[in-house]
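Remarks on the overall topology
The primary structure of each chain is shown beneath.
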Amino acid sequence: VLFASPAFILIFASLSSAEDKLIPFSGKPHTIPGLIEAEHWDKGPAGVAYLDNTEANQGENYREETQVDIEKRPDASNGHGIGWTREGEWLIYTVEVTEAGKYKIAMPVASPKLGGLFRLEFNGKDVTGQIRLIESGDWKKLVMLTNEGVQLEKGTFQMKVVMIENGETGSIGDIDYFKFVKVDG
């Protein structure tokens, strides 16, 4: 039988909780209005910063070890995007909304057939409703998808991209970025 001293238990608990924290991709929150690269979700372990249904990244090794599937694409704004997205997966991005108001979200997406459904949540609140990823005709062709009338409050939030339902390809689709443009006042 092994016994741990209270000091050891306290140190171990502190280290465990530090590893389970979210860290913004660049060290500071993404700014809204602005552009958020899909491949720049927060740093943190699976189940905290993201949830992916497969154990390995099926695409490019763009950032630290991750299960999230990152694809290299010449037509993407940063040369990368997220792909192989499936129902039940999610990603978290720490964001700072600098101006409250209504926003349009522009998202370059790709899917050879009608894509699946996803939504964006801010601190657990659905702010977009279900978004259907549109057909681009080819995995290698991005088209612009927009979602308008998204009301955001000023402050720092955890933006969660939630993959809801697969489309005709058995996937949600590919996403390059999320660009938030303020449309009022």
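Below you will find a few notes about this structure. Note that the structure is a prediction, hence the values are computed from the model and not measured. (Residues numbered from 1 in each chain as written. Predicted model: local features only at pLDDT ≥ 70, side-chain atom pairs only at ≥ 80, totals over all residues. Heavy atoms only, no water.)

Regarding the overall build of the chain
A count of helical and extended segments in the chain gives one helix and 14 strands. Within the chain, buried positions represent 41% of all 185 residues. For the chain, contacts bridging at least 24 residues in sequence account for 72% of all contacts bridging at least 6. Just so you have it, the chain exposes about 9,500 Å², and 53% of that area is on carbon and sulfur atoms. (Helix = DSSP H or I, 4+ residues; strand = E, 2+ residues; numbered from the N terminus. Buried < 20%, exposed > 50% of the residue type's maximum accessible area, 1.4 Å probe, protein only. Contact = heavy atoms within 4.5 Å. Areas by Shrake-Rupley, 256 points an atom, 1.4 Å probe, with all protein chains shown as cover.)

Topic: the packing of aromatic side chains
Geometrically, a pair of aromatic rings is defined through the distance of the ring centres and the angle of the planes. If you walk through the whole model with that rule in mind, you get five aromatic pairs. On the numbers, 6.1 Å between centres and 70° between planes, the contact of W41 with Y50 is edge-to-face. Taken individually, W41 and Y50 each receive the classification buried, so the pair is uniform in this respect. Here the aromatic residues Y103, F122, F157 and F180 are joined through ring pairs into a cluster of three or more. Above the face of the F25 ring, K43 is positioned so that its terminal group lies 5.8 Å from the ring centre. For K160, the ring lying beneath its charged end belongs to W90, and the centroid distance is 4.4 Å. (Phe/Tyr/Trp six-rings, centres within 6.5 Å; stacked < 30°, edge-to-face > 60°. Lys NZ or Arg CZ within 6 Å of the ring centre and 35° of its normal.)

Comments concerning the side chain of E89
With respect to the secondary-structure elements, E89 resides in the loop between β5 (80–82) and β6 (90–97). For the buried E89, no salt bridge exists, and the shortest N-O distance to an oppositely charged side chain is 6.3 Å, to R86. In terms of polar contacts, E89 uses its side chain to reach the backbone amide nitrogen of R86, at 2.9 Å. (Lys, Arg positive; Asp, Glu negative; His and termini not counted. Salt bridge = Lys/Arg side-chain N within 4 Å of Asp/Glu carboxyl O. Polar contact = N/O pair within 3.5 Å; in protein donor to acceptor, adjacent residues only side chain to side chain.)

With respect to the nonpolar core
Judged by nonpolar contacts, the single largest core of 33 residues is most densely connected at Y93, F118, L120, F122, M159, F178 and F180. Among the secondary structure elements, those contributing two or more residues to this core are β6, β7 (101–110), β8 (117–122), β11 (143–152), β12 (155–165) and β14 (177–182). Not counting chain neighbours up to four residues away, the residues in contact with F180 comprise I32, P33, G34, I36, Y103, K104, I105, L120, F122, L152 and M159. (Core = buried A, V, L, I, M, F, W, Y, C linked by side-chain atoms within 4.5 Å.)

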